[in-house]
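Secondary and tertiary structure notes
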Amino acid sequence: NWGYLLKYKGARSGYDFFLLAHHGPSAFPILYQTSPPNAEIMYPLAETLAGGIAATVDHWEFHAETSYQNTRLNRDQDFGKYVFGASYRDTELAGWLGWEEIQPVIEYAGEWLTDRTLNARTLSDSSGARPFRDAVLARLEARLSESWKWTVGGSLNLVDRDSTVAAGIEYKHNDNLTWRFDARHFEGQSDTQFGRWRNNDFIELGLEWKF
């Protein structure tokens, strides 16, 4: 199960980018029949090509990433995934409120299929395990001061209509000590990405101490 990864990252005036190539086990599992009637969860061998770019224009930031996976022996679908979005750093409204900065972020993620043909022994492809096949993601972050910051956000899968909502507060006491409080809620059918966690809503208190 060896994997081989080649990645190039670059920075130019106004934008950053990366290119990536990978050969090895896929990141997404399938259910494969090894010897009837036995089956196992498998990460099939695949080749993946990917790239991304992020650019800034004044207070705006635009970004996009895409990847394509070709799976060996038709053990899984061949597919591409992509995400693109934008963020905006606002200081005028934040200043009027007495804060330092407000940053909204919105993204769309999707995928396309190029080959649905499956090996006769593939009992279930990885589509159910691939996140954000058709989804909208959003986040709003506000920095009140050097010490305080809060964040709210969530995502909605348009295919399965499952969703999650999260909120958090961060207090930076000094350069070495930071407190965090987070809460998350999940919604959806039991066989969906977020629905399988619908009975696992949680709150979390964290402490980070650097020394």
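For the structure, see preceding data.
This report concerns the structure included in the present document. Since the structure is predicted, the reported quantities are computational estimates derived from the model, not experimental observations.

What counts and how
Residues numbered from 1 in each chain as written. Predicted model: local features only at pLDDT ≥ 70, side-chain atom pairs only at ≥ 80, totals over all residues. Heavy atoms only, no water. Helix = DSSP H or I, 4+ residues; strand = E, 2+ residues; numbered from the N terminus. Pairing = 2+ DSSP bridges. Axes fitted to C-alpha atoms, helices over the stretch in contact; angles between N-to-C directions. Polar contact = N/O pair within 3.5 Å; in protein donor to acceptor, adjacent residues only side chain to side chain. Salt bridge = Lys/Arg side-chain N within 4 Å of Asp/Glu carboxyl O. Buried < 20%, exposed > 50% of the residue type's maximum accessible area, 1.4 Å probe, protein only. Patch = residues over 30% accessible without salt bridge, like charges linked within 9 Å, V, L, I, M, F, W, Y side chains within 5 Å. Areas by Shrake-Rupley, 256 points an atom, 1.4 Å probe, with all protein chains shown as cover.

P36 connects to P37 through a cis peptide bond whose omega is 5°. Tracing the sequence through the fold places P37 in the loop between β3 (30-35) and β4 (38-42). The backbone of N74 shows a phi angle near 55°, a positive value even though the residue is not glycine. Within the secondary structure, N74 is located in the loop between β6 (60-71) and β7 (78-88).

A few words on the sheet that holds strand β12 (residues 163-172). Here 11 strands make up an open sheet; going across it, the order is β1-β2-β5-β6-β7-β8-β10-β11-β12-β13-β14 and the pairing antiparallel. Edge strands, defined here as strands with exactly one partner in the open sheet, are β1 (4-12) and β14 (202-209). Going across the sheet, the axis of each strand differs from the next one's by a mean of 10°, ignoring polarity. As defined by bridge partners, strand β5 (residues 45-57) adjoins β6 across 12 bridges and the pair is classed as antiparallel.

In this fold, Q77 is placed in the loop between β6 and β7. Distance from Q77 to W96, taken between C-alpha atoms, is 52 Å for residues 19 residues apart in sequence. Engagement of the side chain of Q77 in a polar contact is seen with the side chain of D125, the distance being 3.2 Å. Separated by 2.8 Å, the side chains of Q77 and R130 make a polar contact.

Right, let's get into the pattern of salt bridges. Considering all chains together, one arrives at 10 salt bridges under this definition. Of the charged contacts, one joins R133 and D160 as a salt bridge, the two residues approaching to 3.5 Å between their closest N and O atoms. With R133 in the loop between β9 (122-124) and β10 (134-143) and D160 in the loop between β11 (148-157) and β12, this residue pair connects regions lying 27 residues apart in the sequence. For D160, a relative accessible area of 34% corresponds to the partly exposed category. The salt bridge involving E170 is made with R180; its shortest N-O contact spans 3.1 Å. Linking E170 in strand β12 with R180 in strand β13 (residues 177-187), this pair joins segments that are 10 residues apart in sequence.

This next bit is on a nonpolar patch on the surface. Among the surface-exposed residues, W148, I169, W179, F181, I203, L205, L207, W209 and F211 lie close enough to one another that they form a single nonpolar patch of about 1100 Å² accessible area. Mapped onto the nonpolar patch, the elements with two or more residues apiece are β13 and β14. When residues in the nonpolar patch are grouped by element, the largest group, four residues, is from β14. By the element assignment, F181 lies in strand β13.

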